[in-house]
Amino acid sequence: MAGDYSRQTHDPRKRFAAVLMQQGRVQIDADWNEQAVLALDRARAQARDTFGRAAVSRFSTESAFRIGRLVGPPPNLSIQPGRMYVEGLLAEAFATDGAPISYLRQPFLPDPPALPTSGGAVVFLDVWQREVTWVEDPSLLDVALGGGDTAARLQTVWQVRVREERQPACGISPEALLPSSPARLTTRAVSPPAQDDPCLIAPKTGYRGLENRLYRVEVHVGGATGAARFKFSRDNASVRSPVTGMRREIRGGREVTVLSVLRIGRDPGLRISAGDWIEVTDEHRFLNGESGAMAQVAEPPLEEPGLDGFAVVLDRTVPATGERGFATTASGHAERRTRIIRWDQAAPRNPLDANGLIAVSGGMIALEEGIEVDFTLQGGTQYRAGDYWVFAARTADASVEALTAAAPHGPVHHAAQLAAIANLASNEDPSDCRTLWPPLAPQGGDGGCTGVVRPGEDVQAAIDSLPEAGGCVCLKAGIPPLPRPLSIRRARVSLHAEAPGAAVLSRGAEAPLLVIGTDTGQQGPPVSDIAVCGIVFQLGSIGERASVDGLVRVEPSARRVTISHCRFLVQDFGGRSAGVRVRGADVTIESSI
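Report follows, based on the coordinates. (Residues numbered from 1 in each chain as written. Predicted model: local features only at pLDDT ≥ 70, side-chain atom pairs only at ≥ 80, totals over all residues. Heavy atoms only, no water.)

## Quick look at the pattern of salt bridges
Under the defined criterion, the tally for this structure stands at 37 salt bridges. Measuring nitrogen to oxygen at the nearest pair gives 2.9 Å for the salt bridge that ties Glu165 to Arg163. A salt bridge links Lys231 to Glu279; its shortest N-O distance comes to 3.0 Å. You can see Lys231 sitting in strand E11 (residues 229–233) and its partner Glu279 sitting in strand E14 (residues 277–281), a full 48 residues away along the chain. Both residues of the pair, Lys231 and Glu279, count as buried. What emerges from the salt-bridge pattern is a single network uniting Glu211, Arg213, Arg234, Asp235, Arg342, Asp344, Arg349 and Glu368. (Salt bridge = Lys/Arg side-chain N within 4 Å of Asp/Glu carboxyl O. Helix = DSSP H or I, 4+ residues; strand = E, 2+ residues; numbered from the N terminus. Buried < 20%, exposed > 50% of the residue type's maximum accessible area, 1.4 Å probe, protein only.)

## Description of the sheet that holds strand E37 (residues 567–570)
Read across the open sheet, the three strands follow the order E31-E34-E37; overall the sheet is parallel. Of all strands in the sheet, those bounded by a partner on one side alone are strand E31 (503–506) and E37. For this sheet, the mean angle separating the axes of adjacent strands, direction not counted, is 10°. Note that strand E34 (residues 536–539) and E37 share four bridges and pair parallel. Across the sheet, Phe537 pairs through a bridge with Phe568, a residue of E37. (Pairing = 2+ DSSP bridges. Axes fitted to C-alpha atoms, helices over the stretch in contact; angles between N-to-C directions.)

## Thoughts on the side chain of Gln417
Considering the arrangement of structural elements, one finds Gln417 in strand E24 (residues 414–421). Looking at Gln417, its side chain comes within polar contact range of the main-chain nitrogen of Ile172, at 3.0 Å. Residues within four places of Gln417 in sequence aside, it is in contact with Val122, Val123, Phe124, Ala169, Cys170, Gly171, Ile172, Leu177, Cys433 and Arg434. (Polar contact = N/O pair within 3.5 Å; in protein donor to acceptor, adjacent residues only side chain to side chain. Contact = heavy atoms within 4.5 Å.)

## Thoughts on the state of the cysteines
On inspection of all chains with the given rule, the structure shows one disulfide. Sulfur-sulfur distance for the disulfide between Cys170 and Cys433 comes to 1.9 Å. Between Cys170 and Cys433, the S-S dihedral sits near -75°, and the bridge is therefore left-handed. On the criterion of sequence distance, the pair formed by Cys170 in the loop between strand E8 (153–164) and helix H2 (174–177) and Cys433 in the loop between strand E25 (431–432) and strand E26 (436–437) is long-range, its members being 263 residues apart. The cysteine Cys472 is free of any disulfide, with Cys474 supplying the nearest cysteine sulfur at 3.6 Å. (Disulfide = S-S within 2.5 Å.)

Here it is in structure tokens:
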């Protein structure tokens, strides 16, 4: 969720490659956290540059995250184990995550929304990262240290999600599946009001706090400006504790919730006290993108007799009517990692609503100690619950880390389409929309080709003999005549020239020479991830005029087609166009004449 850090120093614009320790110098967490980020960014950039936005390796777990149908009721989908790269992040589904792993029982999405019973849908992978402390994973505590808290972890989360779609198809862009947040935040340190009495020394300008802080500002309730609500913490929301029990009692003539928690904090500045606003949440809420329940601590927390922990009395009952419920047993709280988080907004310093939250309004909003923030929207109209920003404040120079219309620091979600389902009410298998890598075999040798066609051999037979997972057909140098037009009607096929001079020739009036996909009147899954490279398409002598355009035709069912370094020739031109007729989607034609 959030670690206890001094500050965050990584800035990609500085192009640092590593953090180098110097002898006799102070060691701080920020330096080594920056080294971790540098290494992670380097690995992500390399994966992104190698595999593209999303890909599954052909060489290891080729079926990773492939979606299938499971017999219901209720309707369900299977998820194949393996590894997939999404925007450089490695998503891993282990066989131990389920037998089989399914949409309704996936490790990072408890209680997912039920699948629609009819109509079309697209299935996509949502990949993002979160911080994990001992509160979310108690195994991080070493009993040899007496239960002392040490380092946090960064975890990659993946979630298979389903969205209804009237005309489902492969090739939907990640931004269309998961639009980025439009929220922006600006920070500043303000000057105090001028003193009327010339004998008084004016307070210093800027941050006026007595301690160095790492502030966290987080949207709690999404919505438009005025309706959205936010909260803030001076310590990156790191003051938190596991909840072991939850009960209701009558205190002062009204019913309230009493929480049993393991810890309340290390010292008066970093502990949970009476009057504090806390958030009660768990993994079910957090992983479903829902905020926790806000409440105020009504009494000073006291040690519970006979129990290992403290009783925290709230000013209300939680959860509120209509909200997601919490566990009801100690084992349920342990499984769902129920926890409380302290936030630092307080009245009358801050204008709070009944839930202890501050309205996201237009203009600068004062937090405390000379710090102000300004929320704005770019390219959207709604703030999103969970978006957060982190910035440092320092006492030595009264500075506040400057954010200028900064996008949320997290959570940053990345999407990759996995499948398209024409009708959820039918038993048809979903269309596979994953991208396999490498999609193409390199030119210059038989070793990278699934099949090799030499002059005189049947090109169409080589294409038809490829395995279901697809592959590459390489043409040797030569000009094999075509008895009929070539056809590619399966996904993940590469047709390559093994060496310069590879060509296909039709001596009659039959055209096109190559058809990729099927027209809209024919049934079948989309034909996606097709590559044609380095081939000369030649139409021989024609004595008649023809009305069909193009030597290569890309039909409507084709998706993600690349045609590169090809030539298109027509002898004795008889009214036919030399080139590519495109009717499919996401077609790239480059370096071809």
